[in-house]
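Now for the letters of each chain:
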Amino acid sequence: MAGQDQLATRLRKLARNLWWTWQPNVINIFRDLDPALWRATDHNPIEVLKKITPEQLARRADEAALEFRVDSAFRRLTDYLRNDESWGAVHATTLRSRPVAYFSMEFGLHESLPIYSGGLGVLAGDHLKSASDLGIPLVGVGLLYDQGYFRQWIDSQGWQQETYLPANPDLLPIAETIGPDGQPLRISIDTRVGTLHARIWKVAVGRTTLYLLDSNVPENSDSDRALTARLYGGDAQVRIRQELLLGVGGVRALHALGYHPSVIHMNEGHSAFAVLEMIRSEMEAEGTSFGETVRDIAAMSVFTTHTPVAAGHDRFPAELVEQHLGMLREALHLSHDDFMGLGRVYPQDHNEPFCMTVLALKLSRHANGVSALHGSVSRRMWQPLYPSKTEEEVPIGHITNGVHVPSWLAPQMAELYDRYLGADWPSRQRHPETWLNIERIPDGELWETRQVLKARLIDFVRRRLVIQARRRGEDDAALAAAARVLDLNVLTVGFARRFATYKRANLVLREPERLAELLLANRPIQFIFAGKAHPEDRFGKELIHNIIQVTRDPRFTGRIVFVEDYDMNVARHLVQGVDLWLNNPRRPQEASGTSGQKVLLNGGLNLSILDGWWAEAYDGSNGFAIGQGRTHASPAVQDERDHRDLLDVLFHQVIPLYYERDAEDLPRAWIDRQKAAMRSLGWRFNADRMVVDYVRYSYLPAAGGLSCSMPR
Ligand SMILES: *Cc1c(COP(=O)(O)O)cnc(C)c1O
């Protein structure tokens, strides 16, 4: 019985540190407790452990040899948390007493913690995980959304419907923070429309900690209690108040918890009010003026911009700013005009709204875009802010995004890497030499591993499609058809991301007749689509509707499918199992993109417009490019041309390469390309490289008050 108690305790401890989300062995332990329940709970180990009975646990402990596996997992976690031989312990010592504070509106850590909507959140989650692996002293700050982002389903007319599910805090890997008085910690912010209160939850992400502010407390008005109900759910009033909570509330929370960060990192402009609160608190502590203080705080502030489209930046009218930030403005001893000027490109223009990106750029000395191309687009876009500088001199550099490899790599691929790159490859993943041994992987072994992953993906899609058809009340014939979609031997193309207009989800479907040729040829292809449109985005919903119509075209039955409710789980299956990942944004609107990076690590190939990360990744042999990276003043012309280029490369390059087999039935030239992708890109587009770049080019200079010499 003592053994049994210890087993349960250790399982609960493992479940309460999100380290498990990148440990296949620990994931398998949780799944083996009850595979059906594991799936039904969105892979939530806390919920599984709450629902499983002691008898069931005892039985599974015997059947699945759990005791030994849990002991070993627990020992690995303990070692990991204690390890002080990390890269950061050597290279980031100056951050140890005063960590980096990393602010983001969303964090994508795992599907069971639904506080993200897309790439921005997943990037933030990957950043925390790599900071943990590298041992960088860093704390995250975000918001806890009771209902998260919506769950998507498609109705029988083919339209996206949204469901919001209230999360139960007892089933999330969060713990309420307690103040020095033993009471739950609270922060508050005075505004002209009432005081806003919040509690603070804590999430363990390996060695890093994430703090989440939550306004659902009894002291608040009803509308403030609902403020953090939904991610990106409200109007401008909700949005500015959420951003007030994130930025100002976030800094207050850190101070209340005893943190004195040496660096403030704003992941996108949403959190830019944080810098104002840093200034206010230093003015209060030192008795200094705004003008004297702003320089110090800007020197320690890092800003990452993500939006290459002028209209995409948060902007607020003067009345809203005064309502929600007027009291903070008074504490900063600024006039309304001077305060508004901080968020204006042209401070004298009284009609210009308050822009969060402008605020962040004015109040930080370290600013970057998220790919080389995006850096240069951002310098052009914000040149008017720096009238004395040429475009090339605008102080915005770039650090290209990367993905957290252990979170996105299929265990089967990890085994190949262990075998051929050496078991310690994860800690050497930033170095090009590590990846040279990709060439040692026998072609047949790589191809077989890929087929296993593709078969798993097809199983997953069929299971989902049966569930979807059943929900719509379709008949037995339809259910049987859903269970048979897709073919293991057919070139499989994935397209999954948010249905923002510029991503042009239906570009490849523009001419159904040409498409039919592609799909029904003797060298056919098949498509898996997934993605959510923002609930207010009519056009995005039209795109989904359009794709659903195509999936229901009898000519394409079983060859084009749509998987509902895109989340990190669906993403993981897709990026691990597809042959080809399609990415066709309207250049240059994809700041970076990261999903294609997940694909290449797993041996899939990218077929992409030369935009974002792909513009600096593609070398002619490590994937496929659509077009030559041109743009056109007319979007219609650009779409037309890109569509033609897309079909050209599919017909003339992709399909021949995939289906050309040798005597052993292996597509050698395709496999060469897979290896070229892993070898030439694996070391560059991972989050360890990204976080190390942030440490070198942003965090250490910011912590030392030095100016920044970031790559251009
Ligand atoms: C990786 C990921 C993204 C980012 O994909 P992009 O291609 O950069 O748009 C979005 N959503 C989920 C769930 C992801 O896992």
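Residues numbered from 1 in each chain as written. Predicted model: local features only at pLDDT ≥ 70, side-chain atom pairs only at ≥ 80, totals over all residues. Heavy atoms only, no water.

K.L.:
Account for the overall build of the protein chain, with residues named and values stated.
P.N.:
Within the protein chain, the regular secondary structure consists of 28 helices and 20 strands. Expected size for 712 residues packed as a compact globule is a radius of gyration near 27 Å; at 25 Å, the protein chain falls within 12% of this value. Expressed along its principal axes, the backbone C-alpha trace of the protein chain runs to roughly 80 × 70 × 55 Å. The buried share of the protein chain, taken over its 712 residues, is 61%. Sequence separation of 24 or more characterises 73% of the internal contacts of the protein chain that already satisfy a separation of 6 or more. Here the protein chain displays about 27,100 Å² of accessible surface, and carbon together with sulfur accounts for 50% of that area. Put simply, the protein chain has 81 plus and 88 minus side-chain charges, and the middle of one group is 2 Å from the middle of the other. (Helix = DSSP H or I, 4+ residues; strand = E, 2+ residues; numbered from the N terminus. Rg over C-alpha atoms; globule rule 2.2 N^0.38 Å. Buried < 20%, exposed > 50% of the residue type's maximum accessible area, 1.4 Å probe, protein only. Contact = heavy atoms within 4.5 Å. Areas by Shrake-Rupley, 256 points an atom, 1.4 Å probe, with all protein chains shown as cover. Lys, Arg positive; Asp, Glu negative; His and termini not counted. Charge placed at Lys NZ, Arg CZ, Asp CG, Glu CD.)

K.L.:
Explain the site of the ligand residue by residue, including any values.
P.N.:
Near the ligand you find 14 residues, and of these Lys 503, Gly 593, Thr 594, Ser 595 and Lys 598 are the closest. Within the side chain of Lys 503, a nitrogen or oxygen atom sits 2.8 Å from an oxygen atom of the ligand. Contact distances for the ligand include 2.7 Å between an oxygen atom and a side-chain N or O atom of Lys 598. Considered on its own, the ligand offers 390 Å² of accessible surface; in the complex 95% of this is hidden by protein. (Near = heavy atom within 4 Å. Polar contact = N/O pair within 3.5 Å; in protein donor to acceptor, adjacent residues only side chain to side chain.)

K.L.:
So, the packing of aromatic side chains: which residues are in play, and what are the values?
P.N.:
Two measures describe an aromatic ring pair: the distance that separates the ring centres and the angle between the ring planes. Here the structure, examined in full by the defined rule, presents 24 aromatic pairs. With 5.1 Å between their ring centres and 90° between their planes, Tyr 417 and Trp 425 make a pair best called edge-to-face. By the burial criterion, Tyr 417 is buried, and Trp 425 matches it. Aromatic pair Trp 613 and Trp 614: ring centres 5.1 Å apart, planes at 65°, arrangement edge-to-face. In this structure, Trp 613 and Trp 614 share a single accessibility class: buried. Taken together, Trp 447, Phe 624, Tyr 658, Tyr 659 and Trp 670 form an aromatic cluster joined through their ring pairs. The ring of Phe 150 carries the charged tip of Lys 532 above its face, separated from the ring centre by 5.1 Å. (Phe/Tyr/Trp six-rings, centres within 6.5 Å; stacked < 30°, edge-to-face > 60°. Lys NZ or Arg CZ within 6 Å of the ring centre and 35° of its normal.)

K.L.:
Provide a residue-level description of the pattern of salt bridges, including the pertinent values.
P.N.:
Summed over all chains, the structure comprises 44 salt bridges. Arg 69 is the salt-bridge partner of Asp 32, the closest N and O atoms lying 2.9 Å from each other. Of this pair, Asp 32 sits in helix H2 (residues 24-33) while Arg 69 sits in helix H6 (residues 66-82), and the two are 37 residues apart along the sequence. According to the relative accessible area criterion, Arg 69 is partly exposed, its value standing at 23%. The partner of Arg 504 in a salt bridge is Asp 642, with the nearest N and O atoms 2.8 Å apart. With Arg 504 in the loop between strand S15 (491-496) and helix H21 (512-520) and Asp 642 in helix H26 (residues 635-659), the pair connects residues that are 138 residues apart, well separated along the chain. For the pair Arg 504 and Asp 642, one class covers both residues: buried. (Salt bridge = Lys/Arg side-chain N within 4 Å of Asp/Glu carboxyl O.)

K.L.:
Quick one: what's the story with unusual backbone geometry, residue by residue and with numbers?
P.N.:
The residue after Arg 587, namely Pro 588, is reached through a cis peptide bond having omega 0°. Position of Pro 588 among the secondary structure elements: in the loop between strand S18 (580-583) and helix H24 (595-601). The backbone phi angle of Leu 486 is positive, close to 65°, even though this residue is not glycine. Counting through the fold element by element, Leu 486 comes out in the loop between helix H20 (476-482) and S15. Taking relative accessible area as the criterion, Leu 486 reaches 6% and is therefore assigned buried. Positive phi outside glycine occurs at Arg 504, with the angle close to 50°. Assessed through its relative accessible area of 4%, Arg 504 is described here as buried.

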